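In case you want the letters, here they are:
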There are 2 protein chains.
Amino acid sequence: MHLLSNEEFTMRLRRVGELRYHDKHPYHVRMHEGKLSPTQLRAWVANRFYYQQNIPVKDALILSKLPTREERRDWIQRIIDHDGREGNEGGIEAWIRLGEAVDIPREEMLDERHVLPAVRFAVDAYVNFCRLQPWPVAVASSLTELFAPVLITQRIAVFERLYPWIRPEGLEYFQARLHQAPRDADHGLELVLRECKDRREQEQAIAALNFKCDVLWAILDALGLAFPNEAN
Amino acid sequence: MHLLSNEEFTMRLRRVGELRYHDKHPYHVRMHEGKLSPTQLRAWVANRFYYQQNIPVKDALILSKLPTREERRDWIQRIIDHDGREGNEGGIEAWIRLGEAVDIPREEMLDERHVLPAVRFAVDAYVNFCRLQPWPVAVASSLTELFAPVLITQRIAVFERLYPWIRPEGLEYFQARLHQAPRDADHGLELVLRECKDRREQEQAIAALNFKCDVLWAILDALGLAFPNEAN
């Protein structure tokens, strides 16, 4: 097993997204075709919120493992992006407003009453992965950010055109991610390319990205099972 | 065992500092009496740096456990204070400059060659305590901040007067802590008072603060053993 060049390695990572990123899941395909009922779309928003709320948690766990303050300085921005700071409410608040824009009251988002058990298990598995794995592997699992910007660009257009009942102020989360995700992906990829120094480590990074795609996929599996098409 | 009032509880916490804070350790007493040799003072600076470097690590672990983004938003400032941001180099860099001000080259600080095994064990024990304990207990262990400002005020004066060979730009770390520590102590104390809802939890918080004093004390024990007076 030879060491992959940075180009080969990056291509292998990108290939994970082509095969397994959640845009290929039937629930997601139907979302972007405008075919989800309001109930199904609300269920997606409320369940995905459990994932959103855990992003700063997994990022704090990765932060605790990064070896130098220079690396922490870059990584900490992810936590600030989601938790917000004075004058910028951040991604978690923006997702709560997406909930409000589809008529899920704030308190119903925060008390997690809509969160399905399998969604909780998948997201908790992701947090524990970041808690327990070596930091370059945990960072590799974040590289779904590589595939996010294209999908989010589509999603903004889809929501505006195919779900006109969603109030437009709910889309701010996605607009912010359009510039945050590429920056995060560049930084994450740079760390992974630098830290994976033999083929075994490269394969672990690829496996970590597959694992993360499984997490996102499992969220949609749970939604598809709980909110099937015929029920609407 | 009755629940302690906020006043009684705060007094019990402060009593820990009166009995066991490291200002009472012989090595520290001699430091503030101006009696440490340059070798002994350098050893303190280089070993204490291992503690300083681990502050953002333990704070990231606590961050990962805090239940809401509001609490994380406050706590994250501790990490930024130590790691720095653009335009503010932060506490770790300031401590490296303290090292330079006592003639320890930057690379000798960073490669940890001067760090004694027992110092490493004590600091690692503190990080693991914050990793493994419930977050209110981990927060309680940070409350040595309650006792720090008085000591740091004295230390700035002591270093200026009794160790004139320390270049004054080395004291910036302590000057910054003069306003950071009281803010951190207030926030930490507020969380501990709020979260410890029965006497058992209050006693756990007091025990956590005792544990933290043991950590700081053990650092000085290791220094006293490795750099005894007669050796200078």
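How each quantity is defined
Residues numbered from 1 in each chain as written. Chains lettered and ligands numbered in written order. Predicted model: local features only at pLDDT ≥ 70, side-chain atom pairs only at ≥ 80, totals over all residues. Heavy atoms only, no water. Least-squares fit on C-alpha atoms with pLDDT ≥ 70 in both. Contact = heavy atoms within 4.5 Å. Buried area = accessible area lost by both parts, 1.4 Å probe. Salt bridge = Lys/Arg side-chain N within 4 Å of Asp/Glu carboxyl O. Polar contact = N/O pair within 3.5 Å; in protein donor to acceptor, adjacent residues only side chain to side chain. pLDDT = per-residue confidence, 0-100. Helix = DSSP H or I, 4+ residues; strand = E, 2+ residues; numbered from the N terminus. Expected span 1.5 Å × (residues − 1). Buried < 20%, exposed > 50% of the residue type's maximum accessible area, 1.4 Å probe, protein only. Phe/Tyr/Trp six-rings, centres within 6.5 Å; stacked < 30°, edge-to-face > 60°. Lys NZ or Arg CZ within 6 Å of the ring centre and 35° of its normal. 1 Å grid on protein atoms, 1.4 Å probe; cavity = no way out; pocket = protein on both sides within 12 Å on 5 of 7 lines; lining within 4 Å. Points joined across faces, edges and corners; volume = space filled by probe spheres on them. Nonpolar A, V, L, I, M, F, W, Y, C, P; charged D, E, K, R; others polar. Core = buried A, V, L, I, M, F, W, Y, C linked by side-chain atoms within 4.5 Å. UniProt positions renumbered as here; feature names shortened; annotations may be inferred.

> Sorry if this is basic, but what is going on with the relation of the copies chain A and chain B here?
The two chain copies are connected by a rotation around an axis plus a translation along it. Superposing chain A onto chain B takes a rotation of 180° combined with a translation of 0.0 Å along the rotation axis, leaving an RMSD of 0.0 Å. Such a turn and shift between the copies fits a two-fold axis. Every residue of chain A has its C-alpha some distance from the rotation axis, and the shortest such distance is that of Ala60(A), at 2.6 Å. Comparing interface residues between copies, 100% of those in chain A also sit at the interface in chain B, which points to an isologous, same-surface contact.

> Could you clarify how one ought to interpret the interface of chain A and chain B in this entry?
With 23 residues of chain A at the contact, the number on the chain B side is 23 residues. Sorting the residues of chain A by area buried against chain B places Arg69(A), Arg72(A) and Arg73(A) first, and these three jointly supply 33% of that buried surface. Counting across the interface, chain A meets chain B through 6 salt bridges. Two residues, Glu93(B) and Arg69(A), come together in a salt bridge whose shortest N-O distance is 2.6 Å. Remark: the boundary between chain A and chain B carries 12 residue pairs in polar contact (both at pLDDT 80 or more).

> Can you walk me through the confidence of the model for chain A in this structure?
When pLDDT is averaged along chain A, the result is 96, and 99% of the positions lie at 70 or above. Taken together, the chains of this predicted complex give a pTM of 0.94 and an interface ipTM of 0.90.

> Explanation requested: the environment of Ser141(A) in the structure shown.
Residues and elements named next belong to chain A. Examined against the element boundaries, Ser141 turns out to sit in helix α8 (residues 135-141). Along the primary structure Ser141 and Phe211 are separated by 70 residues, whereas in three dimensions their C-alpha atoms are 7.2 Å apart. Setting aside its immediate chain neighbours within four residues, Ser141 contacts Tyr126, Phe129, Cys130, Ala208, Leu209 and Lys212. A distance of 2.6 Å separates a polar atom in the side chain of Ser141 from the backbone oxygen of Ala138.

> Teacher, can you tell me more about helix α5 (residues 90-101) of chain B here?
Residue and element names in this part refer to chain B. For α5, with 12 residues, the first-to-last C-alpha span of 16 Å sits near the 16 Å given by 1.5 Å per residue. Buried residues dominate α5, accounting for 10 of its 12 residues. For α5, the complete set of buried residues consists of Gly90, Gly91, Ile92, Glu93, Ala94, Trp95, Ile96, Leu98, Gly99 and Ala101.

> Would you take a moment to explain the packing of aromatic side chains for this structure?
Within a pair of aromatic rings, the relevant descriptors are the distance that separates the centres and the angle that separates the planes. This structure, assessed with the given rule, holds 20 aromatic pairs over all chains. Seen from their ring centres, Phe159(A) and Tyr163(A) are 5.6 Å apart, and the 70° between their planes marks the pair as edge-to-face. Taking 5.8 Å as the distance between ring centres and 85° as the angle between the ring planes, the aromatic pair formed by Phe159(B) and Phe174(B) counts as edge-to-face. One end of the pair, Phe159(B), is in helix α9 (residues 148-162); the other, Phe174(B), is in helix α10 (residues 172-195), and 15 residues separate them in sequence. Of the residues examined, Phe159(B) reaches a relative accessible area of 1% and is grouped as buried. Taken together, the ring pairs in this structure connect Trp44(A), Trp95(A), Phe159(A), Tyr163(A), Tyr173(A) and Phe174(A) into an aromatic cluster. Above the plane of the ring of Trp75(A) lies Arg78(A), whose end atom (NZ or CZ) is 3.7 Å from the centre. For the cation-ring pair, Arg120(B) lies above Tyr50(B), with the distance from its terminal atom to the ring centre recorded as 4.9 Å.

> When you look at the layout of surface pockets in this model, what are you seeing that I'm missing?
Empty space among the atoms becomes apparent when a probe as large as a water molecule is rolled across them. Put simply, the largest pocket is a space of about 420 Å³. Around the largest pocket sit 21 residues that line it, and Pro67(A), Arg72(A), Gln53(B), Asn54(B) and Val57(B) are the ones nearest its centre. Every element with two or more residues in the lining of the largest pocket is listed here: α3 (38-65) and α4 (69-83) of chain A together with α3 (38-65), α5, α6 (106-110) and α7 (117-132) of chain B. Here the lining of the largest pocket is composed, by residue class, of 8 nonpolar, 5 polar and 8 charged.

> Looking at this structure, how should I read the nonpolar core?
It is characteristic of soluble globular proteins that their nonpolar side chains tend to be buried jointly. The biggest cluster of nonpolar side chains holds 156 residues, and the ones touching the most others in it are Trp44(A), Phe159(A), Phe174(A), Trp44(B), Phe159(B) and Phe174(B). Sequence-distant contacts of Phe159(B), that is, excluding residues within four places in its chain, are made with Met31(B), Leu41(B), Trp44(B), Pro164(B), Ile166(B), Leu171(B) and Phe174(B). Core analysis: the next-biggest nonpolar cluster, separate from the first, contains 6 residues, Val127(A), Val57(B), Leu61(B) and Val127(B) among them.

> What should I look at first to understand the UniProt feature "domain: Thiaminase-2/PQQC" (unreviewed entry) in chain A in this one?
In the numbering used here, UniProt assigns the "domain: Thiaminase-2/PQQC" (unreviewed entry) feature to residues 14-221 of chain A. Secondary structure across residues 14-221 of chain A divides into 76% helix and 0% strand, with the first and last C-alpha atoms of the span separated by 23 Å.

> It is not clear to me how unusual backbone geometry should be interpreted in this structure. Could you clarify?
Only a minority of non-glycine residues have a phi that is not negative, and only a minority of peptide bonds are not trans. Residue and element names in this part refer to chain B. Despite not being glycine, Asp103 has its phi angle at roughly 70°, a positive value. Even without glycine at this site, Glu112 takes up a positive phi of about 60°. Structurally, the position occupied by Glu112 is in the loop between α6 and α7.

> Can you walk me through the pattern of salt bridges in this structure?
Pairing between side chains becomes possible if they bear opposite charge and their charged atoms approach one another. Enumeration over the complete set of coordinates arrives at 50 salt bridges over all chains. One salt bridge in this structure joins Asp59(A) and Lys58(A), with 2.8 Å as the shortest N-O distance. Note on Asp59(A): relative accessible area 1%, which makes it buried. The partner of Asp214(B) in a salt bridge is Arg20(B), and the shortest N-O contact between them spans 2.5 Å. Of the two residues, Asp214(B) sits in helix α11 (residues 199-226) while Arg20(B) sits in helix α1 (residues 6-20), which places them 194 residues apart along the sequence. For Asp214(B), a relative accessible area of 38% translates into the label partly exposed. Residue Arg20(B) is classed as partly exposed on the basis of its relative accessible area of 34%.

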